[in-house]
Amino acid sequence: MTGVRADHQTLNQPIISKVMFKNASFIHVGLTKGDLTDVIFENCNLSNARLTEGVVNRVVFKDCKLVGLDFSGAFLGNVSFEKCELNLSNFTDAKLKQVRFDQSSIRSANFYDCKLNKVAFESCDLDDVDFKQTLLKGIDISTCRFNQLNVSIDHLAGCVVSSEQAIEFSKLLGLKVRD
């Protein structure tokens, strides 16, 4: 479906399956407790949309504007975000399984108390992202950029970082690094 505009609509428990949206606009759309399965969003705008407490399964977001998108309490499985803008998005209490963020801007997003399983961040901007109370074991952020990252020290063990990032994280532990 090309050029669809459904801004400011609210649907309770919608089921959206096996469809491709291209150049569509879903700004401020409410899809609470929805089910999105086998959906592709290409060059779409879902800014400030609410997909809270829903299921997002086998969904691709490509070149999408997702600023302020709310996934709190949702389950995301086999989802990819390719070259998307997810700044200020909210994943609080979400469960992410086999989710890939690739070349996306995720600045000031909230991943508070998330469950991450096989989640990949490739060449993303993670500046000021909140990962507090989220276990980062096995999560590789070594190719990502950030000046500040909000993490719980006791949830950081096993996170894969670059050597430069490791120096910055050591400051959180109160270490002073000399060359």
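Check the entry above for the structure.
From a predicted model like this one, the values you see are computed outputs, not experimental measurements.

Participant: For this particular structure, what's the right way to read the layout of surface pockets?
Facilitator: It is a probe the size of a water molecule, rolled over the atoms, that shows where empty space is left. In this structure, the largest pocket occupies an estimated 260 Å³ of space. Forming the boundary of the largest pocket are 13 residues, of which Phe-146, Asn-147, Gln-148, Gln-165 and Glu-168 lie nearest the centre. In terms of residues, the lining of the largest pocket owes the most to one element, helix H1 (residues 163-172), which gives 6 residues. Taken together, the residues that form the lining of the largest pocket break down as 5 nonpolar, 4 polar and 4 charged.

Participant: For this particular structure, what's the right way to read the nonpolar core?
Facilitator: When a protein is soluble and globular, its nonpolar side chains tend to lie buried together. Phe-41, Phe-61, Phe-81, Phe-91, Phe-101, Phe-111 and Phe-121 are the most contacted members of the largest nonpolar core, which has 54 residues in total. When contributions to this core are tallied by element, the ones reaching two or more residues are strand E1 (15-22), strand E2 (35-42), strand E3 (55-62), strand E4 (75-82) and strand E5 (95-102). Setting aside chain neighbours within four positions, we find Phe-111 in contact with Phe-91, Leu-96, Phe-101, Ile-106, Phe-121, Val-129, Asp-130, Phe-131, Lys-132 and Thr-134.

Participant: When you look at the state of the cysteines in this model, what are you seeing that I'm missing?
Facilitator: Here a disulfide denotes one covalent bond, and it connects the sulfur atoms of two cysteines. Summed over all chains, the structure comprises 0 disulfides. The thiol of Cys-84 is not disulfide-bonded; the next cysteine sulfur, from Cys-64, is found 4.8 Å away. Owing to a relative accessible area of 4%, Cys-84 belongs among the buried residues under this scheme.

Participant: Is there a simple way to explain the environment of Asn-45 in this structure?
Facilitator: Structurally, Asn-45 is set in the loop between E2 and E3. When the C-alpha atoms of Asn-45 and His-28 are compared, they prove to be 9.6 Å apart, with 17 residues separating the residues in sequence. Discounting chain neighbours no more than four positions away, the residues touching Asn-45 are Ala-24, Ser-25, Phe-26, Ile-27 and Lys-65.

Participant: What should I look at first to understand the pattern of salt bridges in this one?
Facilitator: A full pass over the atoms with the stated rule returns 7 salt bridges. Among the salt bridges present, the one from Asp-38 reaches Arg-58, with a minimum N-O distance of 2.7 Å. Remark: Arg-58 occurs in strand E3 and Asp-38 occurs in strand E2; sequence separation between them is 20 residues. Under the relative-accessibility criterion, Arg-58 is labelled partly exposed at 41%. Taking the shortest distance from any N to any O, the salt bridge between Arg-107 and Asp-127 comes out at 3.4 Å. Of this pair, Arg-107 sits in the loop between E5 and strand E6 (115-117) while Asp-127 sits in the loop between strand E7 (120-122) and strand E8 (129-130), and the two are 20 residues apart along the sequence. Through salt bridges with shared partners, one network takes in Arg-107, Asp-125 and Asp-127.

Participant: Before we go on, may I ask you to explain unusual backbone geometry in this structure?
Facilitator: For residues other than glycine, phi is negative in most cases, and the peptide bonds are mostly trans. We note that Gln-13 has phi near 55 degrees; this positive angle belongs to a residue other than glycine. Counting through the fold element by element, Gln-13 comes out in the segment before E1. Positive phi is not limited to glycine here, since Gln-103 has a value of about 50 degrees. Secondary-structure assignment places Gln-103 in the loop between E5 and E6.

Participant: Explain the packing of aromatic side chains to me, please; I cannot follow it from the model alone.
Facilitator: Each aromatic ring pair is specified by the distance between its two centres and by the angle formed by the two planes. In total, this model carries 17 aromatic pairs according to the counting rule given. Considering the side-chain rings of Phe-101 and Phe-111, the 5.9 Å spacing of their centres and the 80 degrees angle between planes classify their relative orientation as edge-to-face. Of this pair, Phe-101 sits in strand E5 while Phe-111 sits in the loop between E5 and E6; the two residues are 10 residues apart in sequence, bridging distant segments of the chain. Phe-111 matches Phe-101 in its accessibility class, with the two residues each being buried. Pairing Phe-101 with Phe-121 gives two aromatic rings, centres 4.9 Å apart and planes at 5 degrees, and the pair type is stacked. In this pair, Phe-101 sits in strand E5 while Phe-121 sits in strand E7, placing the two residues 20 residues apart along the sequence. Grouped by ring-pair contacts, the aromatic residues Phe-21, Phe-26, Phe-41, Phe-61, Phe-71, Phe-81, Phe-91, Phe-101, Phe-111, Phe-121 and Phe-131 constitute a single cluster.

Calculation notes
Residues numbered from 1 in each chain as written. Predicted model: local features only at pLDDT ≥ 70, side-chain atom pairs only at ≥ 80, totals over all residues. Heavy atoms only, no water. 1 Å grid on protein atoms, 1.4 Å probe; cavity = no way out; pocket = protein on both sides within 12 Å on 5 of 7 lines; lining within 4 Å. Points joined across faces, edges and corners; volume = space filled by probe spheres on them. Helix = DSSP H or I, 4+ residues; strand = E, 2+ residues; numbered from the N terminus. Nonpolar A, V, L, I, M, F, W, Y, C, P; charged D, E, K, R; others polar. Core = buried A, V, L, I, M, F, W, Y, C linked by side-chain atoms within 4.5 Å. Buried < 20%, exposed > 50% of the residue type's maximum accessible area, 1.4 Å probe, protein only. Contact = heavy atoms within 4.5 Å. Disulfide = S-S within 2.5 Å. Salt bridge = Lys/Arg side-chain N within 4 Å of Asp/Glu carboxyl O. Phe/Tyr/Trp six-rings, centres within 6.5 Å; stacked < 30°, edge-to-face > 60°.

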